[in-house]
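Inside the fold
These are the residues of each chain, in order.
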Amino acid sequence: MNFLRGVMGGPSAGPQPSGADTIQKLCDRVASSTLLDDRRDAVRALKSLSKKYRLEVGIQAMEHLIHVLQTDRSDSEIIGYALDTLYNVISNDLEEEEQDDSEEENLPKQVDDLGSQFTEIFIKQQENVTLLLTLVEEFDFHVRWPGVKLLTSLLKQQGPQVQQIILVSPMGVSRLMDLLADSREVIRNDGVLLLQQLTKSNAAIQKIVAFENAFERLLDIITEEGNSDGGIVVEDCLLLLQNLLKNNNSNQNFFKEGSYIQRMKPWFEVEDDNCGWSAQKVTNLHLMLQLVRVLVSPTNPPGATSSCQKAMFHCGLLQQLCTILMATGVPADILTETINTVSEVIRGCQMNQDYFASVNAPSNPPRPAIVVLLMSMVNERQPFVLRCAVLYCFQCFLYKNQKGQGEIVSTLLPSTIDATGNSVSAGQLLCGGLFSTDSLSNWCAAVALAHALQENATLKEQLLRVQLATSIGNPPVSLLQQCTNILSQGDKIDRRGSKVQTRVGLLMLLCTWLSNCSIAVTHFLHNPANIPFLTGQIAENLGEEEQLVQGLCALLLGISIYYNDNSLENYRKEKLKQLIEKRIGRENFIEKLGFISKHELYSRAAQKPQPSFSSPDHMMFDHEFTKLVKELEGVISKAIYKSSEEDKKEEEVKKTLEQHDNIVTHYKKVIREQDQELEELKQRINTLTSQNEQLQATVTQQVSQIQQHKDQYNLLKVQLGKDTQHHNSHSDTFQMNGIQTEEASKLKEELEEWKNKHELLQGQLREKDSLIEKLKSSQLEMGTTEQSSQTSKSAGLEHNNELQKELEVLRSQIQLQSAEISKLQIENQKLQNTTADPVLGGSGATAANSSELEGRLEQEIKELKSELKALSEEKESLKQHLDSSTSTVAILQDEKSKLQQEVAESKKEQDDLLVLLADQDQKLSALKIKLKDLGVPVEDEDDIESGDQGDEDEDGDEEEQD
């Protein structure tokens, strides 16, 4: 025990052993002691020495400590001491120690090396990490907490290796996810830190953690801690959420589908009194905004970004962000990040862009949020990062938003400018920034105006109408002219900031304006001072800083050549090429043009859409402009080397191809229209067929009803015959005979009416037979050669045959009814005979029998009259059905004649189309051969058709937007 007293600081006699000797003795005690208490005391002593003698404990005791973890798991106290000791050895998070200054300078590097080396030794045996995962499952606080800390330290030192071990371990990640459900906040919070290290740069583990319900648990923790008002725990949870979502499309989709975006809205519900912004709240809100940007980042797949943008609008998250944007008292860094977040939420989403355009700032009078933001952008007293954020917001608002572009440009046109001057428009702010004495405002305004013209030839032409009043008494000049004037006088104007920056901004605006707009090129060339200025700039040997301006001047001159329609005689393509050859040289021109893409700032701007610059001097290129340079650099180089004859041939070929494309497009349109008409005719035939089927079903029902009436009539007839025989056996029937005579006369009249109706129906049937014969003869005369009309003809023949069958059925029914009528006549004659012959020898009948017979006869006659009335109603319904069939036959005959005419016309038109298309194909093939001989790349027919389809889709989109 004297030895332990010496280690623990107690009094001892004799010389003190060194630290290494003490550690060696403690390790021997851990390895050799049979009593658990002795081993526990030794491990506790090693723990107390592990911070001061980290190297010695790590080298001598690590193997013994791992053995303790394996063999003494029943004692939580010794396991806890062992885990704490290993943590002190492996972790680089050192507590403050009393050390010399010289030691402190060399300490960080040694610490990093020690932690990495000891971690490598520990994980060399994968069973050690698996053992540690098992210990983390223990509920005992003294085991679980140090286990979590040790595993976190291992991940910090050797992250990828430890991640791989945990990934292949059975249920390894799932075990660690249970830490988030621990009721002890210390373990839960350290579990969040552990998962942060575990999910770094490992997509597989990120997916497993996400599908282990991590989003739900983390959002619950953030809500419990008070959202943005929470402490460091909220920050740790947000960092873990960023690890799970950043660059992980699967987890982003899972987050959106799980309706977790809706749960982010309460994060941004800040109170009106924003004076008390703590540092932790600023950090939390900053991370929350970054998390929103992760979901709508431009680097994500377009479909995923679009769905998240729509979800943010529908749940009110975008509206909440705009509220923060327009609030007062918000810290500058939070306001800047909010602007960047709103920018990416609305980028490329028409619905969100329209909402943002409708947002007004809480001022008197209310102003659009866009105008307020632009005022900040052109104000040189605002922070640089804030001005960059506003520019990015404006760019995102105009990205793929032709409606927004038109609204911005319309504020510059003469017809829409507010004559009273009470309100400042976006266009006026851009022009003010473009011509101010601050170079950064010049650059931002030029880039913003270029985005208003991006991929919109109509607005490029409309912007040519803008007139500016430069000074009192002088005539107004166009915006294009004023830009070129400032460009040519750039060195003479005293500006704050880089003069190169102003010229670069103006040149980028002019290049964007003139590209793909021949009218703008003509206006530019109409000023005789522009071309000499460009050639003079390109030909000079300037310093490295001016080389960028030379490259942009070469690009602008190349655009003036490539998109030149030769409408100005003095500035035709060939003359401009000759000017380059004489004053600059083609090789020198191409070299100066290449200065742009070789510039370091160009490469930075091409990486991502957001303008992020370390200082205002580095603000030279815009992301969208880099795309334009890539597109035009090659074609301008080819255009410079082409001869005039090649240009003429290429123009002729282009015009011819355009004409042929127009013709082909027209005929395609005609064919589509004919296809639509055929589809409509087929639908009408199907409708008529269904109507015919309904009529057949009606006839079938009526036939069954007639059969039922016939059966009932036969029963009545049998009963009437029996009653007649019974009545003949009586003698005293003179009064009854009188009654029967009256009824018989009525029956006779009804039978006469039935005969007349029968004759009328037979006449109508003869007319229908003649009509069907005519249809048959007309069908035999018609040919069946037209392939396009076979479907309609066959449908008409089938329909006529069905109608003929229907008429045959009706005819047979009427014949049956006539037979029944004849039977009724015979029965009536019999009744008359029975009433005419008096019966003799009936003196034995009593008066009572005569009255009974009279009653029965009256009842039978009433029943017979009701049956005859029902038969007459059925006959009337059959007649109406026959009339409807007659009208249907007439309609079908008219439809048939119209179909025959339309089929004949469509066949004639298709024959003409085939002839024309054959001629056009021959001409196109010949022209393509010529183009290939000239070295011009020719697109295939599939590419042309896809291009046509794309143009039609774009036209459809424009019409919908209009």
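These remarks concern the structure in this document. All values reported here derive from a predicted model rather than from experimental measurement.

1. Quick notes on the packing of aromatic side chains
Throughout the structure, instances matching the rule amount to 13 aromatic pairs. Pairing Phe255 with Tyr260 gives two aromatic rings, centres 5.5 Å apart and planes at 40°, and the pair type is tilted. By relative accessible area, which is 0% here, Phe255 ends up buried. Relative to Phe613, the ring of Trp443 has its centre 6.2 Å away and its plane inclined at 85°; by these criteria the two rings are edge-to-face. Of this pair, Trp443 sits in helix 24 (residues 439-452) while Phe613 sits in the loop between helix 34 (600-605) and helix 35 (623-641), and the two are 170 residues apart along the sequence. A relative accessible area of 18% means that Phe613 is categorised as buried. Seen from the ring of Tyr87, Lys149 lies directly overhead, with NZ or CZ sitting 5.1 Å from the centre. The aromatic ring of Trp145 is capped on one face by Lys149, whose charged end is 4.0 Å from the ring centroid.

2. Describing the environment of Phe268
Tracing the chain through its elements places Phe268 in the loop between helix 14 (249-257) and helix 15 (279-295). You can call Phe268 buried: its relative accessible area is 0%. For the pair formed by Phe268 and Leu321, sequence separation is 53 residues and the distance between their alpha carbons is 6.9 Å. With residues near it in sequence (within four places) discarded, Phe268 still touches Leu285, Met288, Leu289, Val292, Leu317, Gln320, Leu321 and Ile324.

3. Observations concerning the pattern of salt bridges
A full pass over the atoms with the stated rule returns 27 salt bridges. For Arg144, the salt bridge is made with Asp182, and the minimal N-O distance between the two is 2.8 Å. Placement of the pair is Arg144 in helix 8 (residues 141-157) and Asp182 in the loop between helix 10 (172-177) and helix 11 (185-198), with a sequence separation of 38 residues. Accessibility assignment for this pair places Arg144 and Asp182 in one class, buried. The salt bridge partner of Glu344 is Arg293, with a shortest N-O separation of 3.0 Å. With Glu344 in helix 18 (residues 332-346) and Arg293 in helix 15, the pair connects residues that are 51 residues apart, well separated along the chain. The buried category is assigned to Glu344, whose relative accessible area is 5%. Connected through salt bridges with shared partners, the residues Asp37, Arg40, Asp41, Arg44, Asp75 and Glu77 form a single ionic network.

4. Things to note about helix 35
Each α-helix turn comprises 3.6 residues. Residues three or four places apart therefore point the same way. With 19 residues, helix 35 should cover 27 Å at 1.5 Å per step; its first-to-last C-alpha distance of 29 Å lies within 8% of that length. Remark: the principal bend of helix 35, roughly 30°, maps to Leu632. Along helix 35, the residues that are buried comprise His623, Glu624, Phe625, Thr626, Leu628, Val629, Leu632, Ile636, Ser637, Ala639 and Ile640.

5. Re helix 23 (residues 426-434)
Across the nine residues of helix 23, seven count as buried, placing the element largely inside the fold. If you check which residues of helix 23 are buried, you get Ala426, Gly427, Leu429, Leu430, Cys431, Gly433 and Leu434.

6. Side note on the packing of helix 21 (residues 384-398) against helix 24
Where helix 21 meets helix 24, the axes come as close as 9 Å, and the angle between the chain directions of the two elements is 10°. By the angle between their directions, the pair helix 21 and helix 24 is classed as roughly parallel. Only Leu440, Ser441, Trp443, Cys444, Val447, Ala448, His451 and Ala452 of helix 24 make contact with helix 21, whose side of the interface consists of Phe384, Arg387, Leu391, Phe394, Gln395 and Leu398. Residue classes in the contact of helix 21 with helix 24 are distributed as ten nonpolar, three polar and one charged.

About the thresholds
- Per chain, the residues get numbers from 1 upward, laid out in the order the sequence is written.
- The predicted origin of the model limits local features to residues at a pLDDT of at least 70 and limits the giving and counting of side-chain atom pairs to 80 or more, whereas totals for whole chains, interfaces and linings rest on all residues.
- Heavy atoms from the whole structure form the basis of all side-chain values; hydrogens and water molecules are not counted.
- Each aromatic pair joins two rings of Phe, Tyr and Trp (for Trp, the six-membered one) with centres within 6.5 Å, and gets the label stacked for planes under 30 degrees apart, edge-to-face for over 60, and tilted for any other angle.
- Whether a residue is buried, partly exposed or exposed follows from its accessible area with a 1.4 Å probe, protein chains only, as a fraction of its type maximum: under 20%, in between, or over 50%, in that order.
- Only DSSP runs of H or I with at least four residues qualify as helices, and only runs of E with at least two residues qualify as strands; both kinds are numbered from the N terminus onward.
- Put simply, a charge is over a ring when the Lys NZ or the Arg CZ is close to the ring centre, within 6 Å, and near the line of the ring normal, within 35 degrees.
- Contact between two residues is taken to exist if any of their heavy atoms lie within 4.5 Å; hydrogens are not considered.
- By salt bridge we mean one thing: a side-chain nitrogen of Lys or Arg within 4 Å of a carboxyl oxygen of Asp or Glu.
- The span you would expect from a helix comes to 1.5 Å times its residue count less one.
- Note that bend, as reported per residue, equals the angle between axes fitted to the 7 residues terminating at that residue and the 7 residues originating from it.
- For helices, the fitted line uses only the C-alpha atoms of the stretch in contact; every axis is such a line through C-alpha atoms, and the angle between N-to-C directions lies from 0 to 180 degrees.
- Note on terminology: angles under 35 degrees are roughly parallel, angles over 145 are roughly antiparallel, angles of 65 to 115 are roughly perpendicular, and the others are oblique.
- Each residue gets one label: Ala, Val, Leu, Ile, Met, Phe, Trp, Tyr, Cys and Pro are nonpolar, Asp, Glu, Lys and Arg are charged, and the others, such as Gly, are polar.

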